[in-house]
Amino acid sequence: DVPISDWFFLVTSFGALFMISGKRAAEAREMGDGARQFRAVLDEYSPSYTAYLRAVTSGAVLVAYCLWAFEKAEEATAAGATPVAPWYQLSILPFVMAVLRYALVLDQGRGSAPEEIVLGDRTLQLCGIAWAILFAIGVYTAT
């Protein structure tokens, strides 16, 4: 009976679209002229369109996450918790850094295998660990 925030749905939806647009751009770049034979839709995506799509979706995911973090803090305050520090809001920083790091990796031409980026990029992993710690502290102090 735990309600899921609408902002959380937006974060996951735009986050997935951000990763997929990077994956499609990397596939098209890696395959060159043969991309259409592998995946017909790749012929429709121009490099400028995928760059625009990544910009829009990364912006949307960042805004949605910020609003979600502030909503979580308000919920904790409404439930009577008196947080020592704004842990949910502080979790915004590593989240933004992770999105920007992933965008940098995509811009460098890597991205056709998102799982390899997440499992192999130490900076991205450190951002994820920092985010998890801050968010967990927020959950712990809100109870």
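None of these values were measured; they are calculated from a predicted model. (Residues numbered from 1 in each chain as written. Predicted model: local features only at pLDDT ≥ 70, side-chain atom pairs only at ≥ 80, totals over all residues. Heavy atoms only, no water.)

1. A word on helix 7 (residues 122-142)
Here is step 1 of the chain: Between its first and last C-alpha atoms helix 7 spans 30 Å; for 21 residues at 1.5 Å apiece the expected length is 30 Å, and the two agree.
Here is step 2 of the chain: Of all the residues in helix 7, the buried ones are L124, C127, L134, F135 and G138. All buried residues of helix 7 project into a common sector of 100° when viewed along the axis, lining one side. Every exposed residue of helix 7 that faces more than 90 degrees away from the buried side is listed here: R122, L126 and Y140.
Here is step 3 of the chain: The distance from a side-chain oxygen at the start of helix 7 to the backbone nitrogen of T123 is 3.3 Å, and the residue carrying that oxygen is D121. (Helix = DSSP H or I, 4+ residues; strand = E, 2+ residues; numbered from the N terminus. Expected span 1.5 Å × (residues − 1). Buried < 20%, exposed > 50% of the residue type's maximum accessible area, 1.4 Å probe, protein only. Arc of directions from axis to C-beta. Polar contact = N/O pair within 3.5 Å; in protein donor to acceptor, adjacent residues only side chain to side chain.)

2. Side note on the pattern of salt bridges
Here is step 1 of the chain: Throughout the structure, instances matching the rule amount to three salt bridges.
Here is step 2 of the chain: R24 is the salt-bridge partner of E27, the closest N and O atoms lying 3.2 Å from each other. Here R24 and E27 lie together in helix 1 (residues 6-31), a separation of three residues that amounts to about one turn. The pair E27 / R24 is uniform in exposure class, with both members buried.
Here is step 3 of the chain: When salt bridges that share partners are traced, they join K23, R24 and E27 into one network. (Salt bridge = Lys/Arg side-chain N within 4 Å of Asp/Glu carboxyl O.)

3. What about the packing of helix 5 (residues 92-107) against helix 7?
Here is step 1 of the chain: Across the interface, helix 5 lies against helix 7 with an axial gap of 8 Å and an inter-helix angle of 160°. Between helix 5 and helix 7, the interaxial angle falls into the category roughly antiparallel. Classified by chirality, the crossing of helix 7 by helix 5 is left-handed. The residues of helix 7 that touch helix 5, namely those facing P94, F95, M97, A98, R101 and Y102, are T123, L124, C127, A130, W131 and L134.
Here is step 2 of the chain: Taken together, the residues of the contact of helix 5 with helix 7 break down into ten nonpolar, one polar and one charged. (Axes fitted to C-alpha atoms, helices over the stretch in contact; angles between N-to-C directions. Parallel < 35°, antiparallel > 145°, perpendicular 65-115°, else oblique. Left-handed = near helix turned anticlockwise from the far one by under 90°. Contact = heavy atoms within 4.5 Å. Nonpolar A, V, L, I, M, F, W, Y, C, P; charged D, E, K, R; others polar.)

4. So, the confidence of the model for the chain
Here is step 1 of the chain: Here the chain averages 89 in pLDDT, and 97% of its residues register 70 or above.
Here is step 2 of the chain: Helix 2 (residues 35-38) is the least confidently modelled element of the chain, averaging 74 in pLDDT, while helix 5 averages 96, the highest of any element. (pLDDT = per-residue confidence, 0-100.)

5. What about the environment of A64?
Here is step 1 of the chain: As for its placement among the helices and strands, A64 is situated in helix 3 (residues 47-78).
Here is step 2 of the chain: The class for A64 is buried, based on a relative accessible area of 3%.
Here is step 3 of the chain: Sequence separation of A64 and G15 is 49 residues, and the distance between their C-alpha atoms is 9.9 Å.
Here is step 4 of the chain: In contact with A64, other than residues within four places in its own chain, are W7, L10 and V11.

6. A closer look at a nonpolar patch on the surface
Here is step 1 of the chain: Together, W7, L10, V63 and L67 make up an exposed nonpolar region whose accessible area comes to about 310 Å².
Here is step 2 of the chain: Position of W7 relative to the elements: it lies in helix 1. (Patch = residues over 30% accessible without salt bridge, like charges linked within 9 Å, V, L, I, M, F, W, Y side chains within 5 Å. Areas by Shrake-Rupley, 256 points an atom, 1.4 Å probe, with all protein chains shown as cover.)

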